[in-house]
Amino acid sequence: MTPEQADRRLGVPPLPPRHVARSRLLAALDGADGLPLVVLAAGPGSGKTVLLADWVLARPAPVGWINLTTADAAPRRFWPLLASALRAGTGPGEIPPSAAATAAIGGVQSLLDSLPDSAIPPVLVIDDAHLLTHPAVLEGLDLIIRGGPPRLRLVLAARSDPLLPLHRYRLAGLMCELRAPQLAMTRGEMRALLAAHGVTLPAENLDALLARTEGWVAGLRLSAMRMEGTEHPARFVSELAVDQGSIGEYLIAEVLDRQPEPIRRMLAETSFLDEVTGPLADAVTGRDGCGDMLAGLARTNSFVVPLDAAQTRFRYHQLFAEILRHDGRRYDRCTVPDLMRRAAAHFERTGDFRNALYWAAESGDAQYAAAVLARGGLAHAFVHGVDLSGLHLESWQAPALPGRADAAQAREAAVVSSAVVAVMAGAESAASDLRALDQTADQLADQQLSPELLVTAGLVRLLLGMKAGDAQAVDEAAGRLLAPSGHPPGYRVPGLPAAVMLAQAATQFWHGRNEDVGALLQAALREAERDGPPVLELNVLAMIALTDSLLSRPHHAGEAVTRAHALLRQHNDLSPPLALELAAAVRSLIAADLVAAARATERALTSGYAGFDPGLVGARAVGQATMLLASGDLNQARAVMNHASSRSDLPLLVLLRETLLADIETIVGRPNAALGLLRGCQDGDLAVLVALPRARAYLALRDLPRAQHCVRTVLTATSALVSRYNLLEAMLCDAQIAQLKGDPGRALEMIAGAMELAQDDIVLPFFATQGVFASLLARHPAVAAQWPLPPEGVPVHEIMPGGRPDTADLPDPLTEREHAALRFLAAGLSTAEIADEMCLSVNTVKTHLAAIYRKLTASRRKEAVLRAWELELL
Amino acid sequence: MLARYELHIAGRLDETAAAAFAGLEVTVRDSVTTIRGEFDQASLHGALERIRVLGLDLIEALRVRAPPAGRAD
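Residues numbered from 1 in each chain as written. Chains lettered and ligands numbered in written order. Predicted model: local features only at pLDDT ≥ 70, side-chain atom pairs only at ≥ 80, totals over all residues. Heavy atoms only, no water.

Q: If you had to explain the overall build of chain B to someone new, which residues and values would you point to?
A: Looking only at helices and strands, chain B features two helices and four strands. Reading chain B from its N end, one meets helices and strands in the order β-α-β-β-α-β. Looking at chain B as a whole, 38% of its 73 residues qualify as buried. Partitioning the contacts of chain B with sequence separation of at least 6, the portion at a separation of at least 24 is 71%. (Helix = DSSP H or I, 4+ residues; strand = E, 2+ residues; numbered from the N terminus. Buried < 20%, exposed > 50% of the residue type's maximum accessible area, 1.4 Å probe, protein only. Contact = heavy atoms within 4.5 Å.)

What follows is the structure, encoded as structure tokens:
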């Protein structure tokens, strides 16, 4: 079985017990064979999914199937999912894996082109297609539907009409529709269903049942379950006929009433889970035997759906779960947060920290979440790059220790509170938190700590060190975690050594200490390959790609990128990490491919959680500003660099920021201001990197001796910090000086040297200085002919200002809170509801909304939401 | 199961929004846009979802009597 076939999002759901085939509808589906689109639009419980599953399972040709969820409806996840559904459906080898990567960036056409050319186009079923609301996804689907003779047929099942231009498809005869009236059960189908349950009814009762349920499939199934094995089924129908309330609620309550109390209670108490197993249900309800009850229900009841052949995992039918949750209110013994905490405790016991952290967060219990963090959750999150912002730790309070607390309890409490501090610390407070920690160091380094607490204590120091930008603290913490004594005998967190080495390498890199970075990253990669999760291997590869790109080692970087993409194709649940997008931006920028660089920058800006490395957020801002500078938008570049959220105190990033700002000053004719900015950066290991912007400023001042001196500093540097790119820039600068001194011979010599060094993969410095050497090149056509140029097909005027993505135009990015408010706004919540959701006052929400309108230059809700769609902020 | 509905929306629809409701009868009066049409439950919820996604302000949704028989519609 390939990983994709095991993916729950892609499987055809099993048919329910006592399934009755509906031949007229199957025939209607078969009859639509030439059409690019089939839509099944009707409310929940109309039998859409079961009908399609029946149809698909009987089809000779394979069919791709997506069980859509809200999370997968965003373009970034939807297109790769669609490509893997097709791969799983059409069999391996027919669709090149690269199609998924292309589709991820919206290349629907290339995905279609990659489909095998067969007489019968493949079919793709998307269940719950009403969740598709992103304009980019809808546009892509529209292209598939209207793109000439169908290469791919879509079957969409939706509770409400999909947001596609259905009326146009209707007019053009492109679509077959099955709606509530067609999906409703006929008298014959109803009789067959009842017969399958061993129920026979007199004719007048059949009519009454059909009239009351209006042929609603779920209603009829529930009725059949209710009547199964009863002596007087007709009496039930008469009672049902006079009931005036909601039929679904009435029927499910009826069916539940017939369940023995323990089963009913178990169903109610586990109804909040997306997926239930026997042991999990045992833990949540506190009673044994749930696994058998679930398996029994799945055999007789189509509302408990088995998820695997062995019948160990189940989920509840959506409608059923809703009513179960309501039913749960009868039991006031436990509240839902209590149940969630029990689920978290179960996952913690089984070592599944992903789910333990998830349910700890859902339960809203910060005390419990903090304890999970200390007992191994932090190590898991650190290795897997889990976003911990949902844990509500801001409401955590140090619990009062009982008077008779022993030393072990006190030590555990100290680790828990330090873990909370480490997760919550900002860049400003991290240094003082670290110092405070040093004062309690004895407690935390205690050899009597349990192994998982010892590891957590080590990670706390590492994290605080990273946040404070304290390379020495990081090295020390990493040293302890990696030492044999760091992981006590018998206790190992898979991937932890690799994650620690990655953190250490990143910190050293951002501090400009490159000597060991490469070796550390290679060691991290070996460790991650050996026992780390794929996401960690991906993160290590991404960091290798980024550091190699920044040090202009394109071949090494390219290798890491290739491997990272292979991993992404292999594991559908992974998305490209920020470092990988930044690496792509840097590589494109160096090659002066501004269009590709703009695209990569855009992806980096819209990528979600940045992970534990604070340097990446700063690097993203530098990348964006460099991009803006290269396309000539100086003001925006300066605004991005000066914006508070992008300021990082990590030495390399500070230096890159000052360099950029100085270059901008030089370009706008204020070289003295540039030199002033750089004055603060002339000491320390990184000083050699400011020599070039200084040389450019002196050049602008026509102070050739000083410019020459700066250039020489770079050309003669032995530091590993000076990359091929820097050398090349220095040579071109030298050529410029020679030209100004009236020595064209030397200028040409330096240019020739630079070209040789460029090896065809560094283009940007040539692109930037083209104008300076225009007359020299005109006189030497042989040199001009070899002058490196940006990739062909993109006229220069198009990549200059205006060709950038809109996202870069947002001078003042949204804060996290504003972004959260924006999401609620798009979901149609009122101001008061948003306040409620975000636990804020209405006035605070109004302030956030005003800021959103201002930043998005929108005057009202609708405009703000539309603009946010445009900018792909949502 | 088809029934006639009117959806009232605050303000005038711009081009994107108007295109989204093509195929339905759209009129504007006193800066209230009215969308009329025959809907089943799935298409009605689809129209409401469009209104939500576009960030429009829904004032009310009414089920209305079919126009009197014999009248040209």
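Q: Could you give an account of the state of the cysteines, with specific residues and numbers?
A: All names here are of chain A. Counting across every chain of the model gives zero disulfides over all chains. Cysteine C710 shares no disulfide, and the gap to the nearest cysteine sulfur, in C733, comes to 8.7 Å. Accessibility expressed as a relative area gives 2% for C710, which makes it buried. (Disulfide = S-S within 2.5 Å.)

Q: An account of the sheet that holds strand β6 (residues 276–277) of chain A is needed here, citing residue identities and associated values.
A: In a beta sheet, neighbouring strands pair by backbone hydrogen bonds and run either parallel or antiparallel. Residues and elements named next belong to chain A. Read from one edge of the open sheet, three strands run β6-β8-β7, paired in antiparallel fashion. Each edge of the open sheet carries a strand with a single partner, namely β6 and β7 (304–306). In this sheet, strand β8 (residues 313–316) lies alongside β7 in antiparallel orientation, the contact comprising three bridges. Bridge pairing in β8 places V304 opposite Y316. (Pairing = 2+ DSSP bridges.)

Q: Summarise the interface of chain A and chain B; cite the residues concerned and give the values.
A: With 24 residues of chain A at the contact, the number on the chain B side is 18 residues. Summed over both sides, the interface of chain A with chain B buries roughly 1,700 Å², with 56% coming from carbon and sulfur. Where chain A touches chain B, the interface holds one salt bridge. Here R179(A) ties to D40(B) by a salt bridge, and the two come within 2.6 Å at their closest N and O atoms. Counting across the interface, chain A meets chain B through five residue pairs in polar contact (both at pLDDT 80 or more). (Buried area = accessible area lost by both parts, 1.4 Å probe. Salt bridge = Lys/Arg side-chain N within 4 Å of Asp/Glu carboxyl O. Polar contact = N/O pair within 3.5 Å; in protein donor to acceptor, adjacent residues only side chain to side chain.)

Q: Break down the pattern of salt bridges for me, citing the residues and quoting the values.
A: Should the charged atoms of two oppositely charged side chains come close, the side chains can pair. With the rule as written, the count across this model stands at 40 salt bridges over all chains. Of the charged contacts, one joins R179(A) and D161(A) as a salt bridge, the two residues approaching to 2.7 Å between their closest N and O atoms. Pair noted here: R179(A) is in strand β5 (residues 175–179) and D161(A) is in the loop between β4 (153–158) and α8 (166–172), with a separation of 18 residues, a long-range link. With respect to burial, R179(A) and D161(A) carry one shared label: buried. A salt bridge links R530(A) to E527(A); the nearest nitrogen and oxygen atoms lie 3.1 Å apart. Note that R530(A) and E527(A) are positioned in helix α28 (residues 517–531) at a spacing of three residues, about one turn of the helix. R530(A) sits in the exposed class, given a relative accessible area of 58%. Through salt bridges with shared partners, one network takes in D161(A), R170(A), E177(A), R179(A) and D40(B).

Q: Tell me about the packing of helix α22 (residues 407–424) of chain A against helix α25 (residues 451–468) of chain A, residues and numbers included.
A: All names here are of chain A. In the contact formed by α22 and α25, the axes pass within 9 Å of each other and the chain directions differ by 30°. Here α22 is positioned roughly parallel relative to α25, judged by the angle of their axes. Relative to α25, α22 is oriented so that their crossing is left-handed. On α25, the residues that touch E412, V415, S418, A419, V421, A422, V423 and M424 of α22 are L453, T456, A457, V460, L463, L464 and K467. A per-class count over the contact of α22 with α25 returns eleven nonpolar, two polar and two charged. (Axes fitted to C-alpha atoms, helices over the stretch in contact; angles between N-to-C directions. Parallel < 35°, antiparallel > 145°, perpendicular 65-115°, else oblique. Left-handed = near helix turned anticlockwise from the far one by under 90°. Nonpolar A, V, L, I, M, F, W, Y, C, P; charged D, E, K, R; others polar.)

Q: Tell me what's going on with the pairing of strand β2 (residues 63–67) of chain A, and back it up with residues and numbers.
A: Residue and element names in this part refer to chain A. Counting buried residues along β2, four of its five residues qualify, which places the element largely inside the surrounding structure. Pairing of β2 with strand β3 (residues 123–127) involves five bridges; the strand directions are parallel. Counterpart to N67 in the pairing with β3 is D127.

Q: Quick rundown of the sheet that holds strand β3 (residues 32–39) of chain B? Include the residues and the values.
A: Residue and element names in this part refer to chain B. Ordered by their spatial adjacency, four strands build an open sheet running β2-β3-β1-β4, and the pairing between neighbours is antiparallel. Taken across any chain shown, the strands that pair with only one partner, and hence form the sheet edges, are β2 (25–29) and β4 (58–64). Each strand axis lies, on average, 20° off the axis of its neighbour in the sheet, ignoring direction. Two elements, strand β1 (residues 3–10) and β4, share six bridges in a ladder whose sense is antiparallel. Along β4, the bridge assignment pairs H8 with E60.

Q: So, the domain arrangement of chain A: which residues are in play, and what are the values?
A: Residues and elements named next belong to chain A. Segmentation of chain A into domains returns domain 1 (3–183), domain 2 (187–257), domain 3 (261–334), domain 4 (380–565), domain 5 (580–805) and domain 6 (814–870). On a C-alpha basis, the centres of domain 2 and domain 3 stand 24 Å from each other. Counting residues at the interface gives ten residues for domain 2 and twelve residues for domain 3. It is M225, I252 and L256 in domain 2 that bury the most area against domain 3; as a group they hold 55% of the surface buried on that side. At the junction of domain 2 and domain 3, the tally comes to one salt bridge. Elements represented by at least two residues in the side of domain 2 that touches domain 3 include exactly α12 (217–227) and α14 (247–257). With five residues, α14 is the single largest residue contributor to the side of domain 2 that touches domain 3. Among the residues making up the side of domain 2 that touches domain 3, the classes are represented as six nonpolar, one polar and three charged. (Domains from an automatic or database assignment.)

Q: Go over unusual backbone geometry with me, naming the residues and quoting the values.
A: Residues and elements named next belong to chain A. One non-glycine residue, D128, lies in the positive phi region at around 65°. Tracing the backbone through its elements, the reader meets D128 in the loop between β3 and α7 (135–146). With a phi close to 60°, A592 is a non-glycine residue in the positive phi region. Position of A592 among the secondary structure elements: in the loop between α31 (578–590) and α32 (594–606).

Q: Can you break down the packing of aromatic side chains residue by residue, with the values?
A: On inspection of all chains with the given rule, the structure shows eight aromatic pairs over all chains. Centroid distance Y358(A) to W359(A): 4.9 Å. Interplanar angle 80°. Geometry classified as edge-to-face. When its relative accessible area of 5% is taken as the criterion, W359(A) is described as buried. Seen in terms of ring centroids, Y5(B) and F39(B) are 6.1 Å apart; in terms of plane orientation they differ by 75°. Their pairing is edge-to-face. Here Y5(B), found in strand β1, pairs with F39(B), found in strand β3; they are 34 residues apart in sequence, far enough to count as distant. Here a set of aromatic residues connected by ring pairs shows up, and it is made of F272(A), Y358(A) and W359(A). (Phe/Tyr/Trp six-rings, centres within 6.5 Å; stacked < 30°, edge-to-face > 60°.)

Q: Run through the nonpolar core, naming residues and quoting values.
A: All names here are of chain A. Membership of the largest hydrophobic core comes to 221 residues, with the highest contact counts inside it found for L267, F382, L462 and W510. If one sorts the elements of this core by residue count, helix α21 (residues 366–384) sits on top with twelve residues. In contact with W510, other than residues within four places in its own chain, are M543, L546, D613, G615, L616, A619, L650, P651, L652 and L653. The next biggest cluster of nonpolar side chains, apart from the first, holds 38 residues, and it includes L112, L152, L166 and Y169. (Core = buried A, V, L, I, M, F, W, Y, C linked by side-chain atoms within 4.5 Å.)

Q: Lay out the environment of R861(A) with the relevant residues and their values.
A: Turning to its location among the elements, R861(A) is positioned in helix α48 (residues 861–870). Here the alpha-carbon distance between R861(A) and T300(A), two residues 561 residues apart in the chain, equals 49 Å. For R861(A), the residues in contact, after removing those within four places along its chain, are L825(A), L829(A), S830(A), T831(A), L849(A), Y853(A), G55(B) and D57(B).

Q: Just give me the short version of helix α40 (residues 744–758) of chain A, but keep the residues and values in it.
A: Residue and element names in this part refer to chain A. Taking 1.5 Å of rise per residue, 15 residues should cover 21 Å, and α40 covers 21 Å from first to last C-alpha, within 8% of that figure. Residues of α40 that are buried: A747, L748, M750, I751, A754, M755 and A758. All buried residues of α40 fall inside an arc of 165° around its axis, so they share one side. Turned more than 90 degrees off the buried face of α40, the exposed positions are E749 and E756. Against the buried residues of α40 lie α38 (704–715), α39 (724–740), α41 (764–769), α42 (774–779) and α43 (781–786). (Expected span 1.5 Å × (residues − 1). Arc of directions from axis to C-beta.)

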